[in-house]
Amino acid sequence: MTTKSINEKYCSACGALISAQAEICPKCGVRQSPAPFPGNLGNLAPNGRSRLAAALFAIFLGSLGIHKFYLGRVGWGVIYLLLCWTVIPGIVGFIEGILLLIMSEEDFNAKYGND
């Protein structure tokens, strides 16, 4: 029985042991799926919320209060929805989005990270 080393992977089709960089399995000829995206799209709070995602929700969907729902502030989200026909939630949401973008990760985690 052979064991898999760090530079090897199993073929997604036939299960043969192949090189980790192999794009095509030499045994069955099936193209291997690419590796998952290794990049980090931003820091996450302990509860899994992202400051960047909250800021983007606030800037683009602030008039509907989506960022408030995302951050766990359901009551405020409902108020934003009730007032979405006015321009006020859109302006406030845009300002909150900018404030979220300039907020430090520590402040974000302290305010929204433990819900």
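Per an unreviewed UniProt entry, the chain carries the name TM2 domain containing protein+B7201 and comes from Chlorobium phaeovibrioides. If you open the UniProt record of the chain and go to Subcellular location (unreviewed entry), you find "Membrane".

Engineer: Can you walk me through the environment of L64 in this structure?
Structural biologist: Of note, L64 is situated in the loop between α1 (51-61) and α2 (66-70). Look at L64 and you get partly exposed, because its relative accessible area is 34%. Setting aside anything within four residues of it in sequence, one finds L64 in contact with F69, G77, Y80, L81 and C84.

Engineer: When you look at the packing of aromatic side chains in this model, what are you seeing that I'm missing?
Structural biologist: Given two aromatic rings, one states the distance between the centres and the angle between the planes to describe the pair. Counting across every chain of the model gives two aromatic pairs. With 5.2 Å between their ring centres and 70° between their planes, F57 and Y70 make a pair best called edge-to-face. Of this pair, F57 sits in helix α1 while Y70 sits in helix α2, and the two are 13 residues apart along the sequence. Accessibility expressed as a relative area gives 24% for Y70, which makes it partly exposed. When the ring of F108 is compared with that of Y112, the centres are 5.4 Å apart and the planes differ by 45°; the resulting orientation is tilted.

Engineer: What is the right way to read the environment of F69 from this model?
Structural biologist: Considering the arrangement of structural elements, one finds F69 in helix α2. With relative accessibility at 31%, the residue F69 sits in the partly exposed group. The spatial distance from the C-alpha of F69 to the C-alpha of A54 is 9.6 Å, given a sequence separation of 15 residues. When neighbours within four sequence positions are excluded, F69 is seen to be in contact with L64, V74, G77, V78 and L81.

Engineer: Please clarify how the UniProt feature "domain: Putative zinc-ribbon" (unreviewed entry) in the chain should be interpreted in this entry.
Structural biologist: In the numbering adopted here, UniProt assigns the feature "domain: Putative zinc-ribbon" (unreviewed entry) to residues 8-31. End C-alpha to end C-alpha, residues 8-31 measures 15 Å, and it is 0% helix and 25% strand.

Engineer: Got a minute to help me understand the pattern of salt bridges in this structure?
Structural biologist: Tallying each qualifying case throughout the model produces three salt bridges. Residue R31 is joined to E23 by a salt bridge in which the shortest nitrogen-to-oxygen separation is 3.7 Å. Neither residue differs from the other here; R31 and E23 are each classed as exposed. The shortest N-O distance in the salt bridge between K68 and E96 comes to 3.2 Å.

What counts, and where the lines are drawn
Residues numbered from 1 in each chain as written. Predicted model: local features only at pLDDT ≥ 70, side-chain atom pairs only at ≥ 80, totals over all residues. Heavy atoms only, no water. UniProt positions renumbered as here; feature names shortened; annotations may be inferred. Helix = DSSP H or I, 4+ residues; strand = E, 2+ residues; numbered from the N terminus. Buried < 20%, exposed > 50% of the residue type's maximum accessible area, 1.4 Å probe, protein only. Contact = heavy atoms within 4.5 Å. Phe/Tyr/Trp six-rings, centres within 6.5 Å; stacked < 30°, edge-to-face > 60°. Salt bridge = Lys/Arg side-chain N within 4 Å of Asp/Glu carboxyl O.

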